[in-house]
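Chain residues, written in single-letter form:
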There are 2 protein chains.
Amino acid sequence: MAIRVGIIGYGNLARGVESELRKNPDMELKGIFTRRDPSSVKTHTEGVPVYSVNDIVSKKDDFDVMFICGGSATDLPEQTKEYAKYFNVIDSFDTHARIPEHFANVDASAKAANKVAVISAGWDPGMFSLTRLYSNAVLPNGNDYTFWGKGVSQGHSDAIRRVPGVKNGKQYTVPVDAALDAVRSGKNPELTTRQKHTRECFVVAEEGADKAQIEKTIKEMPNYFSDYDTTVTFITEEEFKKNHSGMNHGGFVFRSGKTGFNNENDHVIEYSLKLDSNPEFTASVLIAYARAAYRLEQKGDYGCKTVFDIAPALLSPLSGEEIRAHLL
Amino acid sequence: MAIRVGIIGYGNLARGVESELRKNPDMELKGIFTRRDPSSVKTHTEGVPVYSVNDIVSKKDDFDVMFICGGSATDLPEQTKEYAKYFNVIDSFDTHARIPEHFANVDASAKAANKVAVISAGWDPGMFSLTRLYSNAVLPNGNDYTFWGKGVSQGHSDAIRRVPGVKNGKQYTVPVDAALDAVRSGKNPELTTRQKHTRECFVVAEEGADKAQIEKTIKEMPNYFSDYDTTVTFITEEEFKKNHSGMNHGGFVFRSGKTGFNNENDHVIEYSLKLDSNPEFTASVLIAYARAAYRLEQKGDYGCKTVFDIAPALLSPLSGEEIRAHLL
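On a predicted model such as this, the values are computed, not experimentally measured, just so you know.

Attention now goes to the overall build of chain A. When its secondary structure is counted, chain A shows eleven helices and 14 strands. For chain A, the C-alpha radius of gyration of 22 Å lies close to 20 Å, the compact-globule estimate for 328 residues. Taken along its principal axes, the extent of the C-alpha atoms in chain A is 65 × 60 × 35 Å. When each of the 328 residues of chain A is scored for burial, the buried share is 57%.

For sheets, the rule is that strands pair by backbone hydrogen bonds, running either parallel or antiparallel. All names here are of chain A. Strand order in this open sheet of four strands is β8-β9-β10-β11, and the pairing throughout is mixed. Each having just a single partner strand, β8 (151-152) and β11 (229-234) make up the two edges of the open sheet. Both β8 and strand β9 (residues 166-175) contribute to a ladder of two bridges, which runs antiparallel. Residue pairing for β9: V152 is matched across the bridge by Y172. Each of β9, β10 (197-205) and β11 is contacted by helix α8 (residues 211-219), which is oriented at about 150° to β11, the strand it contacts most.

Residues and elements named next belong to chain A. For helix α10 (residues 278-298), spanning 21 residues, the distance from its first C-alpha to its last is 31 Å, which sits close to the expected 30 Å at 1.5 Å a residue. For α10, the tally of buried residues reaches 18 of 21 residues, placing the bulk of the element in the interior. Put simply, S277 is the residue that caps the front of α10, since its side-chain oxygen is 3.1 Å from the backbone nitrogen of E280. Positive phi shows up at G300, right after α10, with a value of about 75°.

A few words on the packing of aromatic side chains. Scanning all chains against the criterion turns up 17 aromatic pairs over all chains. With a centroid separation of 6.1 Å and 85° between ring planes, the pair formed by F128(B) and Y271(B) is classed as edge-to-face. Placement of the pair is F128(B) in helix α4 (residues 127-138) and Y271(B) in strand β13 (residues 265-275), with a sequence separation of 143 residues. Exposure class is identical for F128(B) and Y271(B). Each is buried. Aromatic rings pair up to connect F33(A), Y51(A), F63(A) and F87(A) into one cluster. Over the ring of F103(B) we find R324(A); its NZ or CZ atom is 3.5 Å from the centre of that ring.

With that settled, the discussion passes to the pattern of salt bridges. Tallied over the entire structure, the rule returns 47 salt bridges over all chains. The salt bridge involving D61(B) is made with K60(B); its shortest N-O contact spans 3.8 Å. On the basis of relative accessibility, which here comes to 59%, the residue D61(B) falls in the exposed class. Of the residues examined, K60(B) reaches a relative accessible area of 37% and is grouped as partly exposed. For R184(B), the salt bridge is made with E270(B), and the minimal N-O distance between the two is 2.9 Å. Of this pair, R184(B) sits in helix α6 (residues 177-184) while E270(B) sits in strand β13; the two residues are 86 residues apart in sequence, bridging distant segments of the chain. When its relative accessible area of 7% is taken as the criterion, E270(B) is described as buried. When salt bridges with common partners are traced through the structure, they connect D181(A), R184(A) and E270(A) into a single cluster.

Residues and elements named next belong to chain B. Looking at where H244 falls in the secondary structure, it is placed in the loop between α9 (237-243) and β12 (249-259). Its relative accessible area of 9% is what places H244 among the buried residues. Placed 74 residues apart in sequence, H244 and K170 show a C-alpha to C-alpha distance of 7.2 Å. The residues touching H244, leaving out its near neighbours within four places in the chain, are K170, Y172, F202, I235 and E239.

Attention shifts here to the side chain of S120(B). Within the fold, S120(B) resides in the loop between β6 (116-118) and α4. One polar contact links the side chain of S120(B) to the main-chain carbonyl oxygen of F93(B), over a distance of 2.9 Å. Here S120(B) is in contact with L328(A), D91(B), S92(B), F93(B), I99(B), P125(B) and G126(B), once residues within four sequence places are set aside.

Our next topic: the pairing of strand β2 (residues 27-34) of chain B. All names here are of chain B. Counting buried residues along β2, six of its eight residues qualify, which places the element largely inside the surrounding structure. Taken together, the six bridges between strand β1 (residues 3-8) and β2 define a ladder with parallel strand orientation. Directly across from I8, in β2, lies its bridge partner F33. Handedness of the crossover joining β1 and β2 through helix α1 (residues 12-21): right-handed. Across three bridges, β2 lies against strand β3 (residues 50-52) in parallel orientation. Looking at the pairing, F33 lines up with Y51 of β3.

A separate point is the relation of the copies chain A and chain B. It takes a turn of 180° to lay chain A on chain B, together with a shift of 0.0 Å along the axis; the resulting RMSD is 0.0 Å. The superposition operator between the copies reduces to a two-fold rotation axis. By residue overlap, the copies meet face to face through one surface: 100% of the interface positions of chain A are interface positions in chain B.

Next up on the list: the interface of chain A and chain B. Listed per partner, the contact involves 66 residues of chain A and 66 residues of chain B. Across the chain A to chain B interface the summed buried area is about 5,900 Å²; carbon plus sulfur atoms make up 66%. In this assembly, chain A and chain B are joined by zero salt bridges. Run the count over chain A and chain B and you get 30 residue pairs in polar contact (both at pLDDT 80 or more). When contributions to the side of chain A that touches chain B are tallied by element, the ones reaching two or more residues are α1 (12-21), α3 (99-113), α4 (127-138), β12 (249-259), β13 (265-275), α10 and α11 (320-326) of chain A. When residues in the side of chain A that touches chain B are grouped by element, the largest group, eleven residues, is from β13(A). Per-class residue counts for the side of chain A that touches chain B are 31 nonpolar, 18 polar and 17 charged. In this structure, β13(A) lies alongside β13(B), joined through nine bridges in antiparallel fashion. Paired with Y271(A) across the strands is Y271(B), a residue of β13(B).

Throughout the structure, instances matching the rule amount to two cavities of 30 Å³ or more. By volume, the largest cavity is sized at about 150 Å³. Lining the largest cavity are 13 residues, and of these T131(A), Y134(A), T131(B), Y134(B) and Y271(B) sit closest to its centre. Among the secondary structure elements, those contributing two or more residues to the lining of the largest cavity are α4 of chain A together with α4 and β13 of chain B. The class makeup of the residues in the lining of the largest cavity is nine nonpolar, four polar and no charged.

Time to look at the packing of helix α2 (residues 75-83) of chain B against helix α3 (residues 99-113) of chain B. All names here are of chain B. Remark: α2 packs on α3, axes separated minimally by 8 Å, with the N-to-C direction vectors making an angle of 20°. With respect to each other, α2 and α3 are oriented roughly parallel. Residues L76, P77, T80 and K81 of α2 pack against H102, N105, V106 and S109 of α3. Residue composition of the contact of α2 with α3, grouped by class: three nonpolar, four polar and one charged.

About the thresholds
Residues numbered from 1 in each chain as written. Chains lettered and ligands numbered in written order. Predicted model: local features only at pLDDT ≥ 70, side-chain atom pairs only at ≥ 80, totals over all residues. Heavy atoms only, no water. Helix = DSSP H or I, 4+ residues; strand = E, 2+ residues; numbered from the N terminus. Rg over C-alpha atoms; globule rule 2.2 N^0.38 Å. Buried < 20%, exposed > 50% of the residue type's maximum accessible area, 1.4 Å probe, protein only. Pairing = 2+ DSSP bridges. Contact = heavy atoms within 4.5 Å. Axes fitted to C-alpha atoms, helices over the stretch in contact; angles between N-to-C directions. Expected span 1.5 Å × (residues − 1). Polar contact = N/O pair within 3.5 Å; in protein donor to acceptor, adjacent residues only side chain to side chain. Phe/Tyr/Trp six-rings, centres within 6.5 Å; stacked < 30°, edge-to-face > 60°. Lys NZ or Arg CZ within 6 Å of the ring centre and 35° of its normal. Salt bridge = Lys/Arg side-chain N within 4 Å of Asp/Glu carboxyl O. Right-handed = clockwise from strand over helix to strand, strands pointing away. Least-squares fit on C-alpha atoms with pLDDT ≥ 70 in both. Buried area = accessible area lost by both parts, 1.4 Å probe. Nonpolar A, V, L, I, M, F, W, Y, C, P; charged D, E, K, R; others polar. 1 Å grid on protein atoms, 1.4 Å probe; cavity = no way out; pocket = protein on both sides within 12 Å on 5 of 7 lines; lining within 4 Å. Points joined across faces, edges and corners; volume = space filled by probe spheres on them. Parallel < 35°, antiparallel > 145°, perpendicular 65-115°, else oblique.

This is the structure we're talking about:
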């Protein structure tokens with residue numbers, strides 16, 4: 001019998017879950033829950049009902065795992081701990097500094113209800129975190145490096161769009177090649193913020209706006225841009241729509257470390273992602289961890305989990321025999 | 001109290017375990033077991049006793065985990081299932097085709113004795129296997145690629161040394177840059193054996209040997225060389241000692257896959273290792289999994305395990321709170 005799953009929300013990430021569930025025949029999408037009027041939501045999958053999120057508790061026996069596809073700023077801190085009272089749940093909570101608090105809240109809900117809640121799945125946190133953990137455990141005498149990009153930063157794009165005179169804007173975070181090369185060579189460089197990433201902004205200005213002033217405001221914006229080498233390129237609305245509507249992203253995690261009685265040997269571990277669609281890849285990770293959440297509940301291993309707590313075998317639709325024979 | 005560990009064997013891998021245990025203060029090396037006369041073994045660590053492997057069973061209460069550092073061809077198939085009757089054990093068994101059989105044998109011993117046995121830890125099998133499993137679970141619609149090198153292949157070096165007229169020889173497996181680039185670009189190429197790797201042989205010939213015949217014999221050797229573009233370079237014994245006594249290795253694991261309602265988005269996951277010392281890196285992986293083996297025994301989770309069965313958190317000396325705060 002397929003694992004019966006639902007989706008809360010219907011933004012980019014939720015649609016990614018919807019599309020990627022089609023590649024996982026052991027799961028069946030049984031419903032989508034929305035805060036909007038359900039009749040206003042047009043899904044991509046025929047026959048899947050759309051419900052009001054207000055009715056969700058009444059459906060608690062109809063779903064094995066619920067994908068919570070809200071935002072990390074305000075949605076997930078409330079939603080995940082609430083829905084973990086009724087369902088096995090999974091989220092992509094990515095505010096690193098608030099993970100300990102989110103974990104504690106969700107753990108309390110899930111344990112009280114004998115449910116499993118997986119938080120902070122995706123690629124960072126998620127696949128990148130796994131690489132950091134494995135690599136630190138294996139090379140305790142070493143240095144970590146994480147680079148992001150080339151890809152779209154939603155937060156920085158939002159910041160650009162709040163600048164007076166800006167009609168539309170998109171920001172790409174770009175890792176600096178020289179920094180990547182230095183890390184890759186095992187030189188263990190000490191890198192400043194400015195040496196690691198540059199920021200490329202593409203801006204559509206309002207008619208008659210002062211472009212020099214817009215560029216200055218962006219480049220001097222504290223936290224977001226002032227510590228970086230930032231470029232601002234003004235483009236037309238047409239060009240923006242044509243060339244800058246993608247959601248590509250990616251990045252690199254390195255650990256370089258030394259072994260030997262005299263630390264005479266160098267080792268470099270590198271993990272990288274090149275993603276055409278950030279939300280679809282994140283959704284793909286969520287789906288693998290939803291499978292694990294279901295299996296953990298079957299085993300009675302309740303509570304809040306992160307990618308660190310979950311044995312890799314639980315992610316695969318294949319049996320233990322199959323993965324040992326074909327992937328080990 | 002530190003985890004009390006022992007080492008069976010004293011070759012390159014065992015010495016790697018000995019050196020890397022120094023970077024793991026939660027473990028204490030309590031003894032080395034050898035098939036040789038113990039008085040003939042000179043270790044690098046003062047105060048650590050060397051015992052005859054014949055006395056090992058009498059010490060079964062003095063060790064929490066035993067590193068079994070034998071070879072995969074004949075040692076480990078016998079040793080791991082035998083010592084799992086008395087100790088939590090870990091090995092680096094790397095004969096991929098025989099893993100299912102080894103797993104079954106070791107599992108029976110370990111379960112009967114309430115012990116934990118981790119087999120096939122290292123980097124391939126090991127870290128590469130983990131990358132394959134995670135990446136397959138996340139991108140079910142995709143292709144896998146594994147490349148090895150540049151690095152020393154022990155098996156191929158042995159094959160060279162068996163050729164008549166060869167005094168000494170070393171073989172490097174080298175991934176083909178054009179193949180790496182094609183995979184990295186997301187083109188999902190179909191690659192033949194010859195297109196993926198070349199083989200570089202450095203040979204010291206016996207005085208008066210027929211070098212042309214040696215080169216021909218190597219290049220036409222079935223299984224080992226005939227399917228590859230192979231180069232043979234004759235060098236002096238001095239040059240061999242100076243430039244070809246290292247144990248460097250490494251490689252690349254890729255998965256490229258497609259997402260989207262129409263599979264319109266491409267993703268590439270890449271994991272790579274550049275290792276100055278193959279045995280020291282393998283030893284470092286074994287140490288992290290020895291920690292996990294000890295913890296699994298404490299939890300009563302007995303039997304044979306591979307890297308697929310072990311939650312990443314169990315590898316780290318840090319607490320759950322610490323890894324969530326710093327590595328997630």
